[in-house]
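Next come the chains, spelled out residue by residue.
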Amino acid sequence: MFLTLTLLRKGISGKQWIGKYRRHRPVTWQMKRNMVKHLECEAENEYWISRPYMTPEQEVGHAAERRAQNWLKIKERGFSNFPEHKSITDHLSHLRITKTWSN
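Residues numbered from 1 in each chain as written. Predicted model: local features only at pLDDT ≥ 70, side-chain atom pairs only at ≥ 80, totals over all residues. Heavy atoms only, no water.

The name an unreviewed UniProt entry assigns to the protein chain is Mitochondrial ribosomal protein L57, from the organism Neogobius melanostomus.

1. Side note on the overall build of the protein chain
The condition that has to hold: Strands here are runs of E lasting at least two residues and helices are runs of H or I lasting at least four, both read from the DSSP assignment and numbered beginning at the N terminus. Type-normalised accessible area, obtained with a 1.4 Å probe on protein chains alone, sets the label of each residue: buried when under 20%, exposed when over 50%, and partly exposed for intermediate values. To be clear on the numbers: accessible area is Shrake-Rupley with a 1.4 Å probe, and residue cover counts the displayed protein chains and nothing else.
A count of helices and strands for the protein chain gives five helices and zero strands. Going residue by residue from the N terminus, the α and β elements of the protein chain occur as α-α-α-α-α. For the protein chain, the residues scored as buried account for 1% of the 103 residues in total. Summed over all atoms, the accessible surface of the protein chain reaches about 11000 Å², with 59% contributed by carbon and sulfur.

2. As for the packing of aromatic side chains
Within a pair of aromatic rings, the relevant descriptors are the distance that separates the centres and the angle that separates the planes. Rule in force here: Centre distance within 6.5 Å is the pairing criterion for rings of Phe, Tyr and Trp, where only the six-membered ring of Trp is used; planes under 30 degrees apart are then read as stacked, over 60 as edge-to-face, and the remainder as tilted.
Tallied over the full model, the rule gives two aromatic pairs. Centre to centre, the rings of Phe79 and Phe82 are 6.0 Å apart; their planes meet at 55°, and the pair counts as tilted. Each member of the pair, Phe79 together with Phe82, is exposed.

The structure is reproduced here in structure tokens:
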């Protein structure tokens, strides 16, 4: 069918590189070389991923101290924007200016 369409219409209708009846690109030696290089890189990545850096026993809790310190830093940074704590006597001290107690 592709051959008849090509022979009768003298070319592929529309865009020749996309669609149902598209013209396929020929595979060159550069494409093969790049694909082999890509597959070798993937194989190396799989090799390194398959071998863990730490054992499961070492991995348990190895970053707990660092995470706790980071959390404290974040908490301190958040509280640094707040004003100082004031007691109720500080808020109401202006009311006792003229009041005197007699014995």
